[in-house]
Amino acid sequence: MAPSSRHDEIVALLTRSGEMSVEAIAERLGVSRETVRRDLARLDAAGRIKRRHGGARALAQPGAALETEWPFAQRMAQNAAAKRAIAVAASRRFQPEDSLFIDTGSTTIAFAEALTSRHSLVIVTNSPRIAATLAGDHTHKVFLIGGAYGVDAGESLGPLSLEQIAKFRVRHAVLTVGAIDQACVMDFDLQEAEVAKAMIERADFVTVLADHSKFDRRAVFEVAPLSRIHTLVTDLAPGEKMARAIATAGIDLVIAGQG
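In this text the structure is predicted, and so the values were computed from the model without any measurement.

Visitor: Mind showing me how you'd approach the overall build of the chain here?
Guide: Within the chain, the secondary structure is distributed over ten helices and 15 strands. The C-alpha radius of gyration computed for the chain amounts to 19 Å, which stays within 12% of the reference 18 Å derived for 259 residues, consistent with globular compactness. In terms of overall dimensions, the chain has C-alpha extents of about 55 × 35 × 35 Å along its principal axes. A buried classification covers 49% of the 259 residues belonging to the chain. For the chain, the share of sequence-separated contacts (at least 6 apart) that also reach a separation of at least 24 residues comes to 60%. Looking at the chain as shown, the accessible area adds up to about 12000 Å², and 51% of this sits on carbon and sulfur atoms. In the chain, 31 positive and 31 negative side-chain charges are present, and the distance between their average locations comes to 5 Å.

Here is the structure:
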C-alpha cells in the first residue's frame, strides 16, 4: 500500500473508532509499529490527526460521518484492489450447480467478474451489470430481478423486486453491506437493506463480502444479526473485539490471500 493510501486508511480508522493504539493500527493495516509511528507523526504534522502516547485520536468525534455513504461511482474506486482480492477468494467457494442470490454493490460486481472463471451456476441478481457479466458464459443460468430502477447503483429495488425474490429458493446469498459492528451487518439505504433481507430469507447460507473499512462501523438499517451470517470474506483481519464477535457468532472468517 502506498504511503498516501495508508495515511488515508489511518485517518479513516481513527474517524470511525475515535482513538486507536499503534499496535491496533499496525494489525489492521498489516505493517510494522515503526511504520505506523512514522505515519502518525506525518499526519499529526499535517493537522489530520492528533498523536497521543502509544497511539492517536481523530480530530473530531465520530458520529454523523458514520451515517452516510459515498455515491456508488466513488465506492467503485475505493479499496478497489482489496475488493478484487475478496472477490477472487469468494469465487473459489462455489461449485457448479450452486445457486446464488447476488445483490448490487461494488464488491459484488467484482465478485461477478471473478465468477466468470466458474461454470454452470444459477444466478439471481437485481443488478443488470452483474447479470450481463455472468450471462456471457452460456453454462450459467441467470435471472434478473426487476422493479423500480435505482440510478445511482444501477439496480432494481422496491416492492416488485421483493415480490420476485420471494419466488426463488437458493443455496447461497452473496451480499455486500455498508457496515459491520459486533452485533449485526447494516446498510445505509432502506431499499437496499430490504433487498438483502429478502435474499437472506430465501437462502440456505449467507456470505458477506466486506473490505476492512466496514468493520466497527454503524449504519441506519439493520440487514441481519451476525448469527445469520455463515461466511465473511474480507481483506484484512478485524480488530480484537470484532474478531471475537465474529467467532462467537460461528462465522467462517475468510481473509483474502490467506488460503
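Visitor: So what exactly am I meant to see when it comes to the packing of helix 2 (residues 22-29) against helix 3 (residues 33-45) here?
Guide: Think of two packed helices as two axes; the pair is described by the angle between the axes and how far apart they sit. Where helix 2 contacts helix 3, the two axes come as close as 9 Å, and the packing angle between them is 110 degrees. By the angle between their axes, helix 2 is roughly perpendicular relative to helix 3. Of the residues in helix 3, those touching helix 2 at Val22, Glu23, Ile25 and Ala26 are Arg33, Val36, Arg37 and Leu40. The residue inventory of the contact of helix 2 with helix 3, partitioned by class, reads five nonpolar, no polar and three charged.

Visitor: What's the story with the side chain of Thr108 in this structure? I'm lost.
Guide: For Thr108, the location among the structural elements is in helix 6 (residues 106-114). By relative accessible area, which is 0% here, Thr108 ends up buried. Here Gly105 takes part through its backbone nitrogen, which lies 2.8 Å from a polar atom of the side chain of Thr108. When residues no more than four places from it in sequence are discounted, the contact partners of Thr108 are Ile102, Asp103, Ile130, Val174, Leu175, Thr176 and Leu209.

Visitor: Got a minute to help me understand the pattern of salt bridges in this structure?
Guide: Close approach of charged atoms allows side chains of opposite charge to pair. For the coordinates displayed, the defined rule picks out eight salt bridges. Ionic pairing is found between Asp8 and Arg48, a salt bridge with its closest N-O pair at 3.0 Å. Here the residue Asp8 occupies a position in helix 1 (residues 3-17), and Arg48 occupies one in the loop between helix 3 and strand 2 (49-52), the gap between them amounting to 40 residues. Among the residues examined, Arg48 registers a relative accessible area of 34% and is labelled partly exposed. The partner of Asp216 in a salt bridge is Arg28, with the nearest N and O atoms 3.7 Å apart. Note that Asp216 is positioned in the loop between strand 12 (203-209) and strand 13 (221-225) and Arg28 in helix 2, a separation of 188 residues in sequence.

Parameters and conventions
- Residues numbered from 1 in each chain as written.
- Predicted model: local features only at pLDDT ≥ 70, side-chain atom pairs only at ≥ 80, totals over all residues.
- Heavy atoms only, no water.
- Helix = DSSP H or I, 4+ residues; strand = E, 2+ residues; numbered from the N terminus.
- Rg over C-alpha atoms; globule rule 2.2 N^0.38 Å.
- Buried < 20%, exposed > 50% of the residue type's maximum accessible area, 1.4 Å probe, protein only.
- Contact = heavy atoms within 4.5 Å.
- Areas by Shrake-Rupley, 256 points an atom, 1.4 Å probe, with all protein chains shown as cover.
- Lys, Arg positive; Asp, Glu negative; His and termini not counted.
- Charge placed at Lys NZ, Arg CZ, Asp CG, Glu CD.
- Axes fitted to C-alpha atoms, helices over the stretch in contact; angles between N-to-C directions.
- Parallel < 35°, antiparallel > 145°, perpendicular 65-115°, else oblique.
- Nonpolar A, V, L, I, M, F, W, Y, C, P; charged D, E, K, R; others polar.
- Polar contact = N/O pair within 3.5 Å; in protein donor to acceptor, adjacent residues only side chain to side chain.
- Salt bridge = Lys/Arg side-chain N within 4 Å of Asp/Glu carboxyl O.

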